[in-house]
Structure formats: C-alpha cells, structure tokens
Amino acid sequence: MMKHLDTHGVLSPAQHGFRKGLSCESQLVLTLQDLSNNLDNNKQVDVAVLYFSKAFDTVPHERLLSKLEHYGISDLLQSWFRAFLTERTQRVVFDGGTSKAVRVTSGVPQGTVLGPLVKATCYKALVRPHLEYSATVWDPYTTKGIQAVEAVQRRAARVTLNDYRQTSSVTQISSVVITGCSTGIGEEMAYQYSRLGAKILITARRENRLKEVVAKAKSLGAQEAHYVAGDMGKAGDCERTIQTAKEKFGRLDYLVLNHVGSSFGSLSKWLEELKFWEDNPNMEFFVDFLNINLVSYVRLASLALPLLKEGGGHIVVMSSYAGKIPTTSYSAANAVQFAQDGFFSCLRAELQKADRNVSVTLAVLGMVRTESAVEMLKKIPGGEDWLAYAAPVDETAQAVIRGGATRAREIYYPFYQSWPISNIRRLPAFLEDYLIQEVLAM
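One structure accompanies this document, and this report is about it.

What counts and what doesn't
- Residues numbered from 1 in each chain as written.
- Predicted model: local features only at pLDDT ≥ 70, side-chain atom pairs only at ≥ 80, totals over all residues.
- Heavy atoms only, no water.
- Helix = DSSP H or I, 4+ residues; strand = E, 2+ residues; numbered from the N terminus.
- Areas by Shrake-Rupley, 256 points an atom, 1.4 Å probe, with all protein chains shown as cover.
- Phe/Tyr/Trp six-rings, centres within 6.5 Å; stacked < 30°, edge-to-face > 60°.
- Lys NZ or Arg CZ within 6 Å of the ring centre and 35° of its normal.
- Expected span 1.5 Å × (residues − 1).
- Buried < 20%, exposed > 50% of the residue type's maximum accessible area, 1.4 Å probe, protein only.
- Arc of directions from axis to C-beta.
- Contact = heavy atoms within 4.5 Å.
- Polar contact = N/O pair within 3.5 Å; in protein donor to acceptor, adjacent residues only side chain to side chain.
- Patch = residues over 30% accessible without salt bridge, like charges linked within 9 Å, V, L, I, M, F, W, Y side chains within 5 Å.
- Salt bridge = Lys/Arg side-chain N within 4 Å of Asp/Glu carboxyl O.

Right, let's talk about the overall build of the protein chain for a bit. What the protein chain contains, in helices and strands, is 17 helices and 11 strands. Here the protein chain has roughly 24,400 Å² of accessible surface; of this, 54% comes from carbon and sulfur atoms.

Encoded structure:
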C-alpha cells in the first residue's frame, strides 16, 4: 500500500511523519535549510506552529474510508481496512466498576502495524489541505496569494457583518488612524491599508501633502480617506485627531503612532550635525523633542483607548533598535525610544491584567530605504555603505501591518539587522562597548 501511495504521488514530499527513511530529524534539517536560505537572501521568514489536539483520535471512520477509496484503495483492501477500523467498542473500568460498552466511530487504533499507514493517509487527506490553504494566505507576496487573502476577507466580512452582498469586505470594519503620513513609512502604510479597503485618517503638518496622499489612497481602494493637518506636539491637535476619527468612523480599530519631528526645524539637518551631548547640551531642543515624539504618543493612545476598547483594537508604535541599545551622538532619540518601549510595555501589561482586548505592538525597525534616510546617509562619511542593508519601504510597511494584525508584542524588521543589534546588550560588556562605540557609530 505504501508503494502505491508513493508511486502515485499521494503523499506530499513535505510529509516526514509515518514514512520510511524520514523522521522529525529529516524534517528539522530541511526546515533549517529553508530558514538559512531565506535569511541569506535577506527575506523575512514567518513560522506558524500548529498543534492539532487529538487530531487522529477524532477522524471519522467513514470519511477516512471514503478518502482511501478516492486514492485508489478499494475492493478487498478497502474491506480489510473497514474490518480493521469498524465494529470496535470501548468501556471505562474504574475502582472495580465497568461502564457500558460504547461503539467507536472515529479515531485510529494506537500501537498497531497499520496505525502509522492510516495516519499518513489521514494527514494527506484531512489535514494538509487546510495547512496548504493557510500557508497561502499567511504571508502574501504574489498576486495569487493576495487574491486568496482578499477572498478570505470577503467571506469573513459577510459572516461578521451578516451582510452577504458580493461587495462586502472585512475592511468595512477596519478603521485606521496613522500619524506622520506625509512621507516615508507612514505614507506607505496609508497606501497598504488602502489597498485592503480600510477607512483611514492620516495626520501630518503639511496640508498640501496630506491632500495628495488622501487622493492616492482613495484611488488605491480606501473606503474612506480623511486627514487632519496639525502638530502632534500640541494637545489640541491630538484631541482633534481622535475626535475626528470618532465622528468619521464611529469606532477605531488601529492607532499607528509613527510621527517624528521637532519644532526647531528639519530633523535631517540635526542628524547631519550630530554631536556628543557634552558638546551640545541643548535642553530646549531635548524637551521639545520628548514632547513631540513621546508625550504626544502617550496622549494619543490615552485619548484613543476608549474607542479601541470598544472593538478590541490595536496600538502600533513605530520605534527602532535605538530604543533597545545606546548609540553615540543620538541621545535625544535614544531617550524617546527607550521611554516609548517602557511606557507601552507597561500599558500592554496593564491592559492584559485588566482583560482589555487591546493589543500593543512595538515595531523595532532597522535601516529602511526612505527618501529622507537615503538623503541623510549620502551626506555622512561611509553612510552609503549602510544603504546596502536598508529594507524596502513597502516591505517594511507590510511587515508592520502584519505585526499589528496578529497582535505581536514586538516585530523586528528587517530581522537580520534589527534583532541582532537590539540584543547587543546581552553580550559581555567589553564586546557591547566595542560594537556600540566603534562598529555602529556614524
């Protein structure tokens, strides 16, 4: 029978269980090879580990026999399997008492010669099709994969909304506020959410630029697209942003905190003139920088929490490895991002303890190929060498959106860069100091 299954390609080559010459070890070797190849090619790797509780104990005998016949196992061999599986009973013996015998209509008998063979067929017929479908929609990069995601979204929406029109979409119940959307990752995230048909509200200081982003978002498929032109360093503009979301959407599913700025002019100029703190202890700049890039994050999240709690929403905080390790000449940004990590990690813990269905995701980013990053690095000696390690903006936005949707605590992107750097402090002190002061210093 195994020869028949192998000859006709019934069993998947990816199946290592219950097969001669294959085992957990062979599967692990191939998995590690796949992971290594992807990491070598700077590709993201998503791993979904699934456990099917009592998977083989709950397989209905009639369904299994039907599948065996479908794969060409019929006549006498089919009768043999039917005799092996059916007409079995079980009872419970406890403390000298015995229960009535109950007929067993599902499950594969354990400890038998035929058991592994039947389990292999069960996996192919009843388990793998669902896994293959799940894998298709887990991380869509191809047109076919994206279409599969959209098909799942439409079906889910019809059930959730009790609206079975063909135009129904799951994103009818997704409303998103994104700050800092005039350029870079924020702008790209607005476009990515729009392609999913979400309702978006974006903020930035430059109104003319916001109008352009809103127009493009609508052309890409956003159900609604609105903007609030304002300075998130001002409490009134933060309040106006969340109030506008409440008035336009009536709910809030995602709050993406992405803005960065200063009242003292362009940050790109500041980044070009980085100095040690002792050489430029500018307290006015420091206080302003914390207000715009930290206090406003806390204020927006606090204002949005009532709306987020109503629908089990998500908070996504954009940060970088500068919130995990110290860096030279970058103390203001380090202070902000360390504080973001501390506050929002505490908020996550409090929400979990209070049983609030609101997730908090911290996006720990490495070098991303935004226009401003490219322009800045070209002006720094040796900066262009860093561009070779920079991640594309669209892939970064997709990774952040996936992380928020799956309620991840933290996401590192690109992983090959941001995760190792973020964990430098786990190394011995002398090695940590060398890497921070010599290797990572610009």
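Now that the structure has been shown, we can carry on.
A word on the packing of aromatic side chains. How two aromatic rings sit relative to each other is given by the distance of their centres and the angle of their planes. Under the defined criterion, the tally for this structure stands at six aromatic pairs. Judged by centre distance (6.1 Å) and plane angle (65°), the ring pair of phenylalanine 264 and phenylalanine 285 falls under edge-to-face. Pair noted here: phenylalanine 264 is in the loop between β8 (254-257) and α10 (267-272) and phenylalanine 285 is in helix α11 (residues 283-311), with a separation of 21 residues, a long-range link. Here phenylalanine 343 and phenylalanine 344 contribute two aromatic rings whose centre-to-centre distance is 5.0 Å and whose plane-to-plane angle is 90°, an arrangement assigned as edge-to-face. Among the aromatic residues, ring-to-ring pairing joins Phe264, Phe285 and Phe289 into one connected group. Over the ring of phenylalanine 84 we find arginine 88, and its NZ or CZ is 5.2 Å from the ring centre. Against the face of tyrosine 191 rests lysine 216, its NZ or CZ located 4.5 Å from the ring centre.

The subject of this paragraph is helix α9 (residues 235-249). For α9, with 15 residues, the first-to-last C-alpha span of 21 Å sits near the 21 Å given by 1.5 Å per residue. Buried residues of α9: Asp237, Cys238, Thr241, Ile242, Thr244, Ala245 and Phe249, and no others. The buried residues of α9 occupy an angular sector of 150° when the element is viewed end-on, so they sit on one face. Along its buried surface, α9 packs onto β5 (175-179), β6 (199-204), β7 (224-229), β8 and α11. Just past α9, the residue glycine 250 takes up positive phi, approximately 75°.

Assignment of secondary structure puts histidine 259 in the loop between β8 and α10. In terms of polar contacts, histidine 259 uses its side chain to reach the side chain of serine 296, at 2.7 Å. Ignoring sequence-local partners within four residues, the contact set of histidine 259 consists of Thr179, Gly180, Met232, Ile292, Asn293, Ser296, Tyr297 and Leu300.

Taken together, Leu39, Phe415 and Trp419 make up a surface patch of nonpolar side chains, about 290 Å² in accessible area. With respect to the helices and strands, leucine 39 occurs in helix α2 (residues 24-40).

So, about the pattern of salt bridges. One pass over the full model with this rule turns up nine salt bridges. The partner of arginine 205 in a salt bridge is aspartate 231, and the shortest N-O contact between them spans 3.5 Å. Within this pair, whereas arginine 205 is found in the loop between β6 and α8 (207-220), its partner aspartate 231 is found in the loop between β7 and α9, the two being separated by 26 residues in sequence. Residue class for arginine 205 comes out partly exposed when judged on its relative accessible area of 44%. Here aspartate 237 makes a salt bridge to arginine 240, at a shortest N to O gap of 3.1 Å. In this pair, aspartate 237 and arginine 240 are both assigned in helix α9, three residues apart and thus about one turn of the helix distant. A relative accessible area of 37% places arginine 240 in the partly exposed class.

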